[in-house]
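Descriptive structure summary
Residues per chain are reported as follows:
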Amino acid sequence: MPKTPSHPSPPPLEANDVAIVGGGTVLWFVAFVVLLPFWGTLSDHGHGNWPWICLAGGGLGLIGLWYCRARRDAIARSRAAGAGATGTAGTGPTGTAGTADRAPRTAPEGNGGDPATRSD
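Residues numbered from 1 in each chain as written. Predicted model: local features only at pLDDT ≥ 70, side-chain atom pairs only at ≥ 80, totals over all residues. Heavy atoms only, no water.

Looking at the overall build of the protein
Along the protein, the regular secondary structure elements total 3 helices and 0 strands. When its helices and strands are written in sequence order, the protein yields α-α-α. A total of 120 residues make up the protein; the buried ones form 14% of that total. Sequence separation of 24 or more characterises 44% of the internal contacts of the protein that already satisfy a separation of 6 or more. As presented, the protein carries roughly 9600 Å² of accessible surface, and 65% of it is formed by carbon and sulfur atoms. (Helix = DSSP H or I, 4+ residues; strand = E, 2+ residues; numbered from the N terminus. Buried < 20%, exposed > 50% of the residue type's maximum accessible area, 1.4 Å probe, protein only. Contact = heavy atoms within 4.5 Å. Areas by Shrake-Rupley, 256 points an atom, 1.4 Å probe, with all protein chains shown as cover.)

And the structure:
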């Protein structure tokens, strides 16, 4: 049986991670608020830890939200720096004239320009 040719993988899709993590965090806090009035009944049936699990999920979601925002900002800074280094002569990253005499900022050799692999 002949093998079908494999196709290259498509590039990964960009998602709004901040909105996704923020939505999940809100849901954890809503679940905590909804379960809190029933804590006594849940404890009687052996599920008294459910509200606290929801509160922990909300707290971890806040940490995840902080991380996603920092990652998003680092990616934006990296793209802006890359766009500034590859800009056309006579114009800067914002398209204004008068920046042609500046040398583009590049990462030192071996340090890597990617924020995820920087060694500083």
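Examining helix α1 (residues 17-35)
Its 19 residues give α1 an end-to-end C-alpha distance of 27 Å, which sits within 8% of 27 Å, the value for a rise of 1.5 Å per residue. Along α1, the positions that sit buried rather than exposed are Val18, Gly22, Thr25, Phe32 and Leu35. All buried residues of α1 project into a common sector of 165° when viewed along the axis, lining one side. Set apart from the buried face of α1 by more than 90 degrees, the exposed residues are Ile20, Val26 and Leu27. Structurally, α1 contributes buried residues whose contacts are with α2 (39-44) and α3 (50-85). (Expected span 1.5 Å × (residues − 1). Arc of directions from axis to C-beta.)

So, the packing of aromatic side chains
In total, this model carries 2 aromatic pairs according to the counting rule given. Pairing phenylalanine 32 with tryptophan 52 gives two aromatic rings, centres 5.7 Å apart and planes at 50°, and the pair type is tilted. Residue phenylalanine 32 is located in helix α1, and its partner tryptophan 52 is located in helix α3; the two are separated by 20 residues in the primary sequence. The exposure class assigned to tryptophan 52 is partly exposed, which follows from its relative accessible area of 42%. Ring plane angle 70° and centroid distance 6.5 Å describe the contact between tryptophan 39 and tryptophan 52, whose orientation is recorded as edge-to-face. Taken together, the residues span a long stretch of sequence, with tryptophan 39 in helix α2 and tryptophan 52 in helix α3 at a distance of 13 residues. Classification of tryptophan 39 by relative accessible area gives partly exposed; the value is 40%. Ring pairing ties together the aromatic residues Phe32, Trp39 and Trp52, which thus form one cluster. (Phe/Tyr/Trp six-rings, centres within 6.5 Å; stacked < 30°, edge-to-face > 60°.)

Section: the packing of α1 against α3
Packing of α1 against α3 brings their axes to within 8 Å, and their N-to-C directions diverge by 160°. Relative to α3, the element α1 lies roughly antiparallel. Crossing geometry of α1 relative to α3 is assigned as left-handed. In terms of residue class, the contact of α1 with α3 is made up of 16 nonpolar, 7 polar and 4 charged. (Axes fitted to C-alpha atoms, helices over the stretch in contact; angles between N-to-C directions. Parallel < 35°, antiparallel > 145°, perpendicular 65-115°, else oblique. Left-handed = near helix turned anticlockwise from the far one by under 90°. Nonpolar A, V, L, I, M, F, W, Y, C, P; charged D, E, K, R; others polar.)

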